[in-house]
Amino acid sequence: MIVKFHARGTGAGSGPVGYLLGRNNDREDAWVLRGSPEQTEALIDGSQYAKRYTSGVLSFQESQISEKAKREIMDSFEKALMPGLDADQYDCLWVEHADKGRVELNFVIPNVELTSGKRLQPYYDRADRPRVDAWKTVTNARYNFHDPDDPANQRALTTPSNLPRERATAQRQITDGLLRLAAEGEVTNRDGVVRALEDTGFEVTRQTKSSISVADPEGGKPIRLRGKLYERDFEVGSSLRAEIDRASREYREGREERFREARERLAVGVERKREENQRRYPRPEPAI
């Protein structure tokens, strides 16, 4: 399962709602799991803020997931994304799509806190991505979903905007993505490695005999990539499949430790966000 947030968020409520359900509620293989499309659309249309809504999708490789698991996943995602807010403080429309042969749980959240009318920003990438990534890792492990981060499952190179902040993890994800491209014949030598990095959005800042450096999307020191894949005389050989298998095996062997670390990061991130939300959107004192 992967989590995607869409860049769009302006315009009338008929835009996101119509996309999810069809202009006349006639989109095939699409149905509402939770929420009211009419209420979501009205809240977006009544918003006075520049960015009126937040939308995205939980995309699964699996073609079927039990209704119980879907409810649990939607509940836990809302709690991880907007901790400290009660269900009556926000609106969230969930629509399932099954037209691609896999389960997709789409969500639309009007950017308004309902008890106060204040602006609500459910997701700010720089601050919230580590918490959401931790939730994704925990959820994939808990339900044994297809893990897109396993080198054996990767089909594309991680883009700079989706790169983890932790440098060692970022270096591994870049390398694993390039290995998959090499295994599919899309990268055959070092020039292909550089081209793949640049085509994906990385800025290659330096090349030496044994390494390639790319700009850190967070603005820190360049990320130095070392290993056979980055050497000047690299060419695809018979050892490539073994390299991918080794990377996948090492990834799976670290599953328990990754799960524990992600669970800890999630707990810390949720508590910080909970304090922030409760400070920003305090519940009114009950009238006597």
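What comes next concerns the included structure. Note that this is a predicted model, so its numbers are computed, not measured.

### A closer look at the overall build of the protein
On a plain count of helices and strands, the protein comes out with eight helices and eight strands. Principal-axis analysis of the C-alpha atoms gives the protein an extent of 75 × 40 × 35 Å. Expressed as a percentage of its 288 residues, the buried residues of the protein come to 44%. Taking the contacts inside the protein whose residues are at least 6 apart along the sequence as the reference set, 69% of them involve residues at least 24 apart. Distance between charge centres in the protein, computed from 49 positive and 49 negative side chains, equals 4 Å.

### Remarks on the packing of aromatic side chains
The relative placement of two aromatic rings is captured by the distance of their centres and the angle of their planes. Across all of its chains, the model carries nine aromatic pairs by this definition. For the ring pair Phe77 and Phe107, a centre distance of 5.0 Å and an interplane angle of 45 degrees mean the geometry is tilted. Taken together, the residues span a long stretch of sequence, with Phe77 in helix H3 (residues 67-81) and Phe107 in strand E5 (residues 104-110) at a distance of 30 residues. No difference in accessibility class separates Phe77 from Phe107, as the two residues are buried. In textbook terms, an aromatic cluster arises when at least three aromatic residues are bridged by ring pairs, as seen for Phe5, Phe77, Trp94, Phe107, Tyr123 and Trp135.

### A short note on the environment of Lys221
Counting through the fold element by element, Lys221 comes out in the loop between strand E7 (211-214) and strand E8 (223-226). In contact with Lys221, other than residues within four places in its own chain, are Arg167 and Asp216.

### Things to note about the side chain of Glu96
Turning to its location among the elements, Glu96 is positioned in strand E4 (residues 93-97). The residues contacting Glu96, other than those within four sequence positions of it, are Asp29, Ala30, Trp31, Leu33, Lys70, Val103, Glu104, Leu105 and Asn106.

### Some points on the packing of helix H1 (residues 14-21) against helix H2 (residues 37-45)
What describes two packed helices is the angle between their axes and the distance between those same axes. Taken N-terminus to C-terminus, the directions of H1 and H2 make an angle of 155 degrees; their axes are 9 Å apart at the nearest point. One finds that H1 runs roughly antiparallel with respect to H2. From H1, Ser14, Pro16, Val17 and Leu21 reach across to H2, where they touch Pro37, Thr40, Glu41 and Ile44. Taken together, the residues that form the contact of H1 with H2 break down as five nonpolar, two polar and one charged.

### A look at the pattern of salt bridges
Scanning all chains against the criterion turns up 18 salt bridges. With a closest N to O distance of 3.2 Å, Arg27 and Asp99 form a salt bridge. Placement of the pair is Arg27 in the loop between H1 and strand E2 (30-34) and Asp99 in the loop between E4 and E5, with a sequence separation of 72 residues. You can call Asp99 partly exposed: its relative accessible area is 39%. The residue Asp86 makes a salt bridge to Arg283 at a minimum N-O spacing of 3.5 Å. Pair noted here: Asp86 is in the loop between H3 and E4 and Arg283 is in the segment after helix H8 (255-280), with a separation of 197 residues, a long-range link.

### Some points on the nonpolar core
With 32 residues, the main nonpolar core has Leu58, Phe60, Trp94 and Trp135 as its most contacted residues. Of all the elements, H3 adds the most residues to this core, at six residues. Residues in contact with Leu58, not counting those within four places in the same chain, are Met1, Ile2, Val3, Ile73, Phe77, Trp94, Val103, Glu104, Leu105, Phe107 and Trp135. Counting 21 residues, the second largest nonpolar core, distinct from the first, contains Val193, Ile223, Leu229 and Tyr230.

### Describing unusual backbone geometry
Note: most residues except glycine have negative phi, and most peptide bonds are trans. The backbone of Asn25 shows a phi angle near 55 degrees, a positive value even though the residue is not glycine. As for its placement among the helices and strands, Asn25 is situated in the loop between H1 and E2.

### Quick notes on the sheet that holds E4
In a beta sheet, neighbouring strands pair by backbone hydrogen bonds and run either parallel or antiparallel. Strands sit in the order E1-E3-E5-E4-E2 across an open sheet of five strands; the sheet is antiparallel. Each end of this open sheet is capped by a strand with a single partner; those strands are strand E1 (2-5) and E2. Strand after strand, the sheet turns through a mean of 25 degrees between neighbouring axes, direction not considered. Of the strands in this sheet, E1 and strand E3 (53-59) touch helix H4 (residues 125-143), which is tilted by about 150 degrees from E1.

Rules used throughout
Residues numbered from 1 in each chain as written. Predicted model: local features only at pLDDT ≥ 70, side-chain atom pairs only at ≥ 80, totals over all residues. Heavy atoms only, no water. Helix = DSSP H or I, 4+ residues; strand = E, 2+ residues; numbered from the N terminus. Buried < 20%, exposed > 50% of the residue type's maximum accessible area, 1.4 Å probe, protein only. Contact = heavy atoms within 4.5 Å. Lys, Arg positive; Asp, Glu negative; His and termini not counted. Charge placed at Lys NZ, Arg CZ, Asp CG, Glu CD. Phe/Tyr/Trp six-rings, centres within 6.5 Å; stacked < 30°, edge-to-face > 60°. Axes fitted to C-alpha atoms, helices over the stretch in contact; angles between N-to-C directions. Parallel < 35°, antiparallel > 145°, perpendicular 65-115°, else oblique. Nonpolar A, V, L, I, M, F, W, Y, C, P; charged D, E, K, R; others polar. Salt bridge = Lys/Arg side-chain N within 4 Å of Asp/Glu carboxyl O. Core = buried A, V, L, I, M, F, W, Y, C linked by side-chain atoms within 4.5 Å. Pairing = 2+ DSSP bridges.

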